[in-house]
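So you can see what is in the structure, the chains are spelled out below.
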Amino acid sequence: MNCPRCQSQKISEFDHDGVEFDFCSDCKGIWCDHGELAEYVETLKDIPSDLDPVKNGELTVLRCPKCPGEYLYEVNYMKGEDLLIDRCPSCSGIWLDFKELAVIQKLAVNIDAKDKLKRTIKQMKEDGFIVIES
Ligand SMILES: [Zn+2]
Ligand SMILES: [Zn+2]
């Protein structure tokens, strides 16, 4: 596997809190396969903003390390935040700079809290504890 950013082949598996990322030791970037980022930061989806990267993001010059001929698109990680991350439209893998992982970890704490509340309310409705009159 070649690094999408610097084309280095010094990519090695890197275990971070039980999730295995591919880490480039030259540019310090991280490749996350589909679902790995969500697993790591405990969100429901890799990219909570739900924006389509192809419609909402810029095409980058970074090639997907997994899909021949595919380029990554920039996508906004979360509505209202400036953080842009690079994602493959084909395999949904994500490329991050190392410092972006820490930023995402911080943002995800709030997302998770909101999602948890939504899931709790949904469950309470299903169990009949809450009745919404229309
Ligand atoms: Zn690299
Ligand atoms: Zn891909």
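What counts as what
Residues numbered from 1 in each chain as written. Chains lettered and ligands numbered in written order. Predicted model: local features only at pLDDT ≥ 70, side-chain atom pairs only at ≥ 80, totals over all residues. Heavy atoms only, no water. Helix = DSSP H or I, 4+ residues; strand = E, 2+ residues; numbered from the N terminus. Buried < 20%, exposed > 50% of the residue type's maximum accessible area, 1.4 Å probe, protein only. Contact = heavy atoms within 4.5 Å. Donors = N, O, S within 2.8 Å, 3.2 Å for Na, K, Ca; no water. Pairing = 2+ DSSP bridges. Axes fitted to C-alpha atoms, helices over the stretch in contact; angles between N-to-C directions. Tetrahedral: all angles 85-135°; square planar, octahedral: opposite > 155°, others 65-115°. Phe/Tyr/Trp six-rings, centres within 6.5 Å; stacked < 30°, edge-to-face > 60°. Core = buried A, V, L, I, M, F, W, Y, C linked by side-chain atoms within 4.5 Å. Lys, Arg positive; Asp, Glu negative; His and termini not counted. Salt bridge = Lys/Arg side-chain N within 4 Å of Asp/Glu carboxyl O.

A.B. asks: How should I be thinking about the overall build of the protein in this particular structure?
C.D. replies: Within the protein, the regular secondary structure consists of three helices and seven strands. Ordered by position from the N terminus, the helices and strands of the protein form the series β-β-β-α-α-β-β-β-β-α. Looking at the protein as a whole, 40% of its 134 residues are labelled buried. Across the protein, every contact between residues at least 6 apart in sequence was considered, and the portion connecting residues at least 24 apart equals 45%.

A.B. asks: Mind showing me how you'd approach the coordination of the zinc ion (ligand 1) here?
C.D. replies: The expected angle between donors at a tetrahedral four-coordinate metal is 109.5 degrees. At an octahedral six-coordinate metal it is 90 or 180 degrees. Distances from the zinc ion (ligand 1) to its protein donors, Cys-3 (SG), Cys-6 (SG), Cys-24 (SG) and Cys-27 (SG), fall at 2.3 Å. Positions of the donor residues of the zinc ion (ligand 1) along the chain correspond to the pattern C-x2-C-x17-C-x2-C. Among the residues examined, Cys-3 registers a relative accessible area of 0% and is labelled buried. For Cys-6, a relative accessible area of 34% corresponds to the partly exposed category.

A.B. asks: What is the right way to look at the sheet that holds strand β2 (residues 19-24) in this model?
C.D. replies: If you trace the seven strands from one edge of the open sheet to the other, you get β1-β2-β3-β7-β6-β5-β4, paired in antiparallel fashion. Looking along the sheet, the strands with just one partner apiece sit at the ends: β1 (11-16) and β4 (59-63). Geometrically, the sheet is characterised by an average inter-axis angle of 35° between neighbouring strands, direction not taken into account.

A.B. asks: Before we go on, may I ask you to explain the coordination of the zinc ion (ligand 2) in this structure?
C.D. replies: The protein atoms that coordinate the zinc ion (ligand 2) are Cys-64 (SG), Cys-67 (SG), Cys-88 (SG) and Cys-91 (SG), at distances of 2.3 Å. Note that the zinc ion (ligand 2) binds four donor atoms; their angles at the metal cover 106 to 116°, and the shape is tetrahedral. The sequence pattern formed by the donor residues of the zinc ion (ligand 2) is C-x2-C-x20-C-x2-C. Highlighted residues: Cys-67 in the loop between β4 and β5 (71-76) and Cys-88 in the loop between β6 (84-87) and β7 (94-97), separated in sequence by 21 residues. On the accessibility criterion, Cys-67 (12% relative accessible area) is buried. Classification of Cys-88 by relative accessible area gives buried; the value is 0%.

A.B. asks: Explanation requested: the packing of aromatic side chains in the structure shown.
C.D. replies: Aromatic ring pairs are defined here through the distance separating the ring centres and the angle between the ring planes. Per the counting criterion, the structure on display carries four aromatic pairs. Taken together, a centroid distance of 6.3 Å and an interplanar angle of 70° make the contact between Phe-14 and Phe-98 edge-to-face. With a gap of 84 residues between them, Phe-14 in strand β1 and Phe-98 in helix α3 (residues 98-126) connect regions that are remote in the sequence. On the basis of relative accessible area, Phe-98 is assigned to the partly exposed category, the value being 37%.

A.B. asks: What exactly am I supposed to notice about the nonpolar core here?
C.D. replies: Where a protein is soluble and globular, its nonpolar side chains tend to be buried together. Judged by nonpolar contacts, the single largest core of 21 residues is most densely connected at Leu-37, Tyr-77, Ile-85, Leu-96 and Ile-104. Those elements that provide at least two residues to this core are β2, β3 (29-32), α1 (36-41), β7 and α3. Top element by residues in this core is α3. It accounts for five residues. Not counting the four nearest positions on each side in its chain, Ile-104 is found in contact with Leu-37, Val-41, Tyr-77, Leu-83, Ile-85 and Leu-96. Ranked by size, the runner-up nonpolar core spans 10 residues in total, among them Cys-3, Ile-11, Cys-24 and Trp-95.

A.B. asks: Which parts of the structure should I look at to understand the side chain of Asp-22?
C.D. replies: Considering the arrangement of structural elements, one finds Asp-22 in strand β2. Of the side chains with opposite charge, Lys-66 comes closest to the buried, unpaired Asp-22, at an N-O distance of 4.1 Å. If near-sequence neighbours (up to four positions away) are discounted, Asp-22 is found in contact with Met-1, Ile-11, Ser-12, Glu-13, Gly-29, Ile-30, Trp-31 and Lys-66.

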